[in-house]
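Inside the fold
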Amino acid sequence: MDSPHLNMEELSAFIDAQLGADERAGVEAHLQGCATCRQELSDLERTVLAVRALPPVSLPRSFRVAAAPARPAGWSLLGWLNPPLLRAAGGLAAALMVAIVAVDALAPARILEAPLSTPLAGLQGAEAQVGQERVREASQPESQPGAALRAEPAATPGPQAGVEALAPDTPAGAALAERAADASPPGPAPAPPAGIGLAPSPQEPAAEAPPSHPLRAAEAAERTTGGWATPGRLAAVVLGVLAAALLAGSFLSGRRRPNL
Amino acid sequence: MEDRWIAAAQQGDVSAFNQLVEQHQSAAYSVAYRTLRNADDAADATQEAFLSAFRSIRSFRGGSFRAWLLRIVVNACYDVHRYARRRPATSMEAMLEERDDASSHPTQTRGWADPAAPDPEAAALSRETREAIEAAIALLPEDQRVAVALVDIQGLSYEEAAQAMASPVGTVRSRLARARARLRDELRARFDEPSMSGGNLP
């Protein structure tokens, strides 16, 4: 009996017979000679008995788990669209996106120039050729003014069109000239001058064309690639959206599954 | 029998798992109710716990299935409480009020359980005593409340309770002792007995 009295933990564990043999013997010995601790033990026992005598809580309902809706072995669509697979696909798409963005950022020359330089070279060659052919066309029927409207030779034949084209100062003529330039970007820029000249030398348009080429090339590049949207960046955006969709799908199906 | 149900449930047999549900849902709901002090929350936590148990039953590696299951129930209760803590604690105030009301009415019955009673039926509690104990349990700190629910109400061993609470046995033992001491103090105060009986030990 070293300590004056038994502590609450000893008494509590004694009630539950959770003391080791030595501890238990010590407690029993103390209780023999200590009325205070006997009283404590008695009160504690009554408390425990009162708690144990509480009426059981009545069950509000059954908590049975609903039967799973015949989970497919793995060949149906739902079987394939399991969260791990979706997560893996989403992760792959995300990784691809990151890789493309990284390549785009680290080596812009390859992404920006490689796809464009080749078509442009071809474009320039074709442009020059077309320009020369049209100049030849224009120079042949010298008496025919309609030929001045080279960009739309079939659509607007006849003297009337030629007259309009011959008057580039009038709004209609300017518009037509513009449309001609738009309809065939690589086409001959000097349509109005040719029309005015009525008899241009083959060298004239060819000489004028080169200065306009840089601008045209830039425009063409803008139009074919959409400016900012290089193929690589477009692919990155598409992959990013795909990754987000796949991951969201895996999350949703992962949440749905528990309800069975 | 339970082992066979567990094995079948681990193979995905829902009806086998539901046999386990039938067997343990009273204990599960009781622990949840004592922990959460609210029937709706307790039902939600119990259902969530059984679903969670079915999902993870493959991770059960023998031992006390009841303790394994109640561990999931206790966790589900803690989850509910984490959400509930953001709500105003009206229930606690109501409980304190109720307690004051109760103590303003002098008790007619000295309804303590008689430790000398031969069987639990004889230890039936008066309504006042029952309500007093319920209120006292409800006022315990959560950890102590869980310990009381597991050991005193559900009859788990200290080892099982330790497993269910993911705590060492010593922690269960001390939580239980502190909880019982507080409950005893509550009952002493309520029944105005500095010492509850004349010291007649069995």
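Our structure is the block above this text.
Residues numbered from 1 in each chain as written. Chains lettered and ligands numbered in written order. Predicted model: local features only at pLDDT ≥ 70, side-chain atom pairs only at ≥ 80, totals over all residues. Heavy atoms only, no water.

If you check helix α3 (residues 39-55) of chain B, its first and last C-alpha atoms are 24 Å apart, about what 17 residues at 1.5 Å a residue would give, namely 24 Å. When we look at burial in α3(B), the residues that qualify are B:D41, B:A42, B:A43, B:A45, B:T46, B:Q47, B:A49, B:F50, B:L51, B:A53 and B:F54. (Helix = DSSP H or I, 4+ residues; strand = E, 2+ residues; numbered from the N terminus. Expected span 1.5 Å × (residues − 1). Buried < 20%, exposed > 50% of the residue type's maximum accessible area, 1.4 Å probe, protein only.)

We now examine the interface of chain B and chain A. Contacts between the two partners involve 52 residues from chain B and, on the opposite side, 38 residues from chain A. Around 4,200 Å² of area is buried between chain B and chain A when both sides are counted, 62% of it from carbon and sulfur atoms. If you look at where chain B meets chain A, you find 8 salt bridges. Across the salt bridge formed by A:E23 and B:R173, the nearest N and O atoms sit 3.2 Å from each other. Viewed at the interface, chain A and chain B are joined by 14 residue pairs in polar contact (both at pLDDT 80 or more). Of all elements in the fold, only α2 (14-36), α3, α6 (127-138), α7 (142-153), α8 (158-165) and α9 (169-191) of chain B reach the threshold of two or more residues within the side of chain B that touches chain A. Class assignment for the residues of the side of chain B that touches chain A results in 28 nonpolar, 12 polar and 12 charged. (Contact = heavy atoms within 4.5 Å. Buried area = accessible area lost by both parts, 1.4 Å probe. Salt bridge = Lys/Arg side-chain N within 4 Å of Asp/Glu carboxyl O. Polar contact = N/O pair within 3.5 Å; in protein donor to acceptor, adjacent residues only side chain to side chain. Nonpolar A, V, L, I, M, F, W, Y, C, P; charged D, E, K, R; others polar.)

A side chain of one charge can pair with a side chain of the opposite charge when the charged atoms of the two come close. Evaluated as defined, the whole model comprises 17 salt bridges over all chains. Two residues, B:R127 and B:E131, come together in a salt bridge whose shortest N-O distance is 3.2 Å. Of this pair, B:R127 and B:E131 both sit in helix α6, 4 residues apart, roughly one helical turn. Between B:R175 and B:D143 there is a salt bridge, with its nearest N and O atoms 3.5 Å apart. One end of the pair, B:R175, is in helix α9; the other, B:D143, is in helix α7, with 32 residues separating them in the sequence. Residue B:D143 is classed as partly exposed on the basis of its relative accessible area of 31%. Taken together, the shared-partner salt bridges connect A:E40, A:D43, B:R184, B:D185 and B:R188 into one network.

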